Structures are given as C-alpha cells and as structure tokens.
Amino acid sequence: MFQMQSGGAGGYTAKSTVNEKVIENRPVSREKYIAFANRVYDFAEKYNGSVAPQDGCKSPFTIRMEKAGAVKDVQGCRGSDETGELGKIIREGEILFYSE
C-alpha cells in the first residue's frame with residue numbers, strides 16, 4: 001500500500017507498507033504533496049460518479065481520502081478505467097516516492 005499524509009508541523013510524508021508493516025517512510029516536499037493530492041482527488045471525484053465496482057473484478061482498487069476531517073472511500077476496478085489515469089497516478093506516486 002502507498003500512503004501520503006500531511007503531518008501538520010511535522011511536514012509531509014509518503015509511506016510504503018506491506019501487510020501493515022512499514023517498508024519505507026520518506027519526507028515529501030509540500031509543493032509535490034499538494035500537486036499529487038489534488039491529482040488523486042480530481043481522479044476520485046470523476047471516477048466515483050461514473051463507474052460502479054463490478055462483481056468478479058480481477059484488479060480492484062480503493063482510494064481512501066481524508067479532507068477537512070471527512071474520510072471518503074472510492075472503490076472500483078482498474079479495468080473500468082479506460083483512460084488509464086489510475087495507472088498514471090500510481091506511476092507518478094512511485095516516482096515521487098523514490099525521487100524525493
């Protein structure tokens with residue numbers, strides 16, 4: 001799992017976990033964090049209203065966002081993302097994580 005979070009005065013971090021065990025935890029610049037978070041929010045807003053998760057999906061995903069104290073989950077199937085936008089966002093997150 002890949003997770004980005006704002007730590008207030010503690011700055012911004014990106015974390016990679018497997019089975020709830022932290023593999024790596026890295027700082028992320030404020031500007032890059034905000035740009036990436038906005039991209040994820042935009043995708044989730046567009047996707048959430050357009051496609052319902054399918055039974056038998058072989059590549060499900062969940063995006064969990066917290067904004068202003070409200071938590072929102074967006075679930076779907078990568079096969080339903082015809083533009084490939086989710087894959088691009090994942091790749092961008094990996095580059096951000098390993099380049100900081």
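The structure reproduced in this document is the subject of the present report. (Residues numbered from 1 in each chain as written. Predicted model: local features only at pLDDT ≥ 70, side-chain atom pairs only at ≥ 80, totals over all residues. Heavy atoms only, no water.)

### Notes on the overall build of the protein
Piece 1. Looking only at helices and strands, the protein features 2 helices and 5 strands.
Piece 2. Counting from the amino terminus, the protein carries its helices and strands in the arrangement β-β-β-α-β-β-α.
Piece 3. A separation of at least 24 residues holds for 42% of the contacts in the protein among residues at least 6 apart in sequence.
Piece 4. Accessible area for the protein stands at about 6,900 Å²; split by element, carbon and sulfur atoms hold 49% of it. (Helix = DSSP H or I, 4+ residues; strand = E, 2+ residues; numbered from the N terminus. Contact = heavy atoms within 4.5 Å. Areas by Shrake-Rupley, 256 points an atom, 1.4 Å probe, with all protein chains shown as cover.)

### Concerning the pairing of strand S3 (residues 21-28)
Piece 1. In terms of strand pairing, strand S2 (residues 12-18) meets S3 through 7 bridges, oriented antiparallel. Paired with Ala-14 across the bridge in S3 is Arg-26.
Piece 2. In this structure, the hairpin formed by S2 and S3 is closed by a connection of 2 residues, where Asn-19 is found at a positive phi of approximately 50 degrees. (Pairing = 2+ DSSP bridges.)

### Some thoughts on the packing of aromatic side chains
Piece 1. Following the criterion strictly, the structure yields 2 aromatic pairs and no others.
Piece 2. Ring centres of Phe-43 and Phe-61 lie 6.2 Å apart, and the angle between their planes is 45 degrees; on these two criteria the pair is classed as tilted. Of the two residues, Phe-43 sits in helix H1 (residues 30-50) while Phe-61 sits in strand S4 (residues 60-67), which places them 18 residues apart along the sequence. Here Phe-43 matches Phe-61 in class, with each residue buried. (Phe/Tyr/Trp six-rings, centres within 6.5 Å; stacked < 30°, edge-to-face > 60°. Buried < 20%, exposed > 50% of the residue type's maximum accessible area, 1.4 Å probe, protein only.)

### Notes on the side chain of Thr-17
Piece 1. You can see Thr-17 is positioned in strand S2.
Piece 2. The class of Thr-17 is buried, set by a relative accessible area of 10%.
Piece 3. Here Thr-17 is in contact with Met-1, Val-22 and Ile-23, once residues within four sequence places are set aside.

### Thoughts on the sheet that holds S2
Piece 1. Read across the sheet, 3 strands follow the order S1-S2-S3 without closing on themselves; strand pairing throughout is antiparallel. The open sheet terminates on both sides in strands that have one partner only, identified here as strand S1 (2-6) and S3. On average, each strand axis in the sheet is inclined to that of its neighbour by 20 degrees, with strand direction left out of account.
Piece 2. Lying on the sheet, helix H2 (residues 85-99) is in contact with S1, S2 and S3; it crosses S3 at an angle near 80 degrees. (Axes fitted to C-alpha atoms, helices over the stretch in contact; angles between N-to-C directions.)

### Some points on H2
Piece 1. Helix length check: H2 (15 residues) gives 21 Å between terminal C-alpha atoms against 21 Å at 1.5 Å per residue, within 8%.
Piece 2. For H2, the full list of buried residues reads Glu-85, Leu-86, Gly-87, Ile-89, Gly-93, Leu-96 and Phe-97. (Expected span 1.5 Å × (residues − 1).)

### Let's talk about the pattern of salt bridges
Piece 1. One pass over the full model with this rule turns up 5 salt bridges.
Piece 2. A salt bridge links Arg-39 to Glu-92; its shortest N-O distance comes to 2.0 Å. Of the two residues, Arg-39 sits in helix H1 while Glu-92 sits in helix H2, which places them 53 residues apart along the sequence.
Piece 3. Of the residues examined, Arg-39 reaches a relative accessible area of 24% and is grouped as partly exposed.
Piece 4. Overall, the relative accessible area of 30% leaves Glu-92 in the partly exposed class. (Salt bridge = Lys/Arg side-chain N within 4 Å of Asp/Glu carboxyl O.)

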